[in-house]
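Here's the letter readout for the chains.
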Amino acid sequence: MGQVIAIDGPAGAGKSTIARNLAARLGYVYIDSGAMYRAVALSALRQGIDLTDEVRLEKLAHAAAIELQQDRRVCLDGEDITDAIREPAVTAAASKVAALPGVRAALVARQQQMAEHSNVVMEGRDIGTVVFPHARVKVYLDADPAERVRRRSGEQPDIAPESLAAHIAERDDRDRQRVQSPLVQAADAIYIDSTGLTALQVEEEILKLC
Ligand code: DC
């Protein structure tokens, strides 16, 4: 089993940038677990699978060949889906399929395998609580809601900020309130509020824990 740095938190807290940079600095493998839920959601939408059909979605989560490449590209059954999984419809669907225990079990098992022979920095919602409860370093990364909307607005300038704020709030609510592995800070995770901090400052804080 490799070393694990677990970074959890709500949308727009800065997890991706920080996890990616940390992995590069430490020579660890970067894993975006959210991309796996997004890949399952994209596949479900394309196949017209009802997003509450847990039996079919669980099968899909087991069968889908999801590849997370180190240049951040994501492939599904050999197709590059990097941009497709960032579409708003897929973002909304990902949070719905992520609420299903069968889908989670399938993806969590794969996430655990990824750290069997490698050191990883993995970002998500349940990495420190469920996927790697014994991770060497656990961080719960947060930021003010307004700051999180500002960051996402920069990434998605074609969506009105009010609409983005509503979508983020809805998704965070669903991620926090689901029964299975809700977004919650692990008891032994370090809480970092990234509001007003640069990515570099947050990285330095985390490196002190390593
Ligand atoms: O991090 P993200 O926005 O790409 O995640 C997409 C969705 O997947 C989001 O609604 C939360 C969910 N997710 C999860 O439930 N557990 C994870 N480990 C990662 C993401």
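Before any of the text, the structure's been laid out above.
Residues numbered from 1 in each chain as written. Predicted model: local features only at pLDDT ≥ 70, side-chain atom pairs only at ≥ 80, totals over all residues. Heavy atoms only, no water.

## Observations concerning the packing of aromatic side chains
- Going through the model one piece at a time under the given rule, you end up with one aromatic pair.
- For the pair tyrosine 140 and tyrosine 191, a centre-to-centre distance of 6.0 Å together with 15° between the ring planes defines the contact as stacked. In this pair, tyrosine 140 is assigned in strand E7 (residues 137–142) and tyrosine 191 in strand E8 (residues 190–193), connecting sequence segments 51 residues apart.
- Here tyrosine 191 falls in the partly exposed class, since its relative accessible area comes to 42%. (Phe/Tyr/Trp six-rings, centres within 6.5 Å; stacked < 30°, edge-to-face > 60°. Helix = DSSP H or I, 4+ residues; strand = E, 2+ residues; numbered from the N terminus. Buried < 20%, exposed > 50% of the residue type's maximum accessible area, 1.4 Å probe, protein only.)

## A look at the pattern of salt bridges
- Here the structure, examined in full by the defined rule, presents 16 salt bridges.
- We note a salt bridge from aspartate 126 to arginine 104, for which the minimum N-O separation is 2.9 Å. Here arginine 104 lies in helix H5 (residues 101–114) and aspartate 126 lies in the loop between strand E6 (120–124) and helix H6 (127–131), a separation of 22 residues in the sequence.
- Residue aspartate 126 is classed as buried on the basis of its relative accessible area, which comes to 1%.
- What makes arginine 104 buried here is its relative accessible area of 3%.
- Lysine 208 is paired through a salt bridge with glutamate 205; the nearest N and O atoms lie 3.0 Å apart. Separated by three residues within a single helix, lysine 208 and glutamate 205 lie in helix H9 (residues 199–209), roughly one turn from each other.
- When its relative accessible area of 63% is taken as the criterion, lysine 208 is described as exposed. (Salt bridge = Lys/Arg side-chain N within 4 Å of Asp/Glu carboxyl O.)

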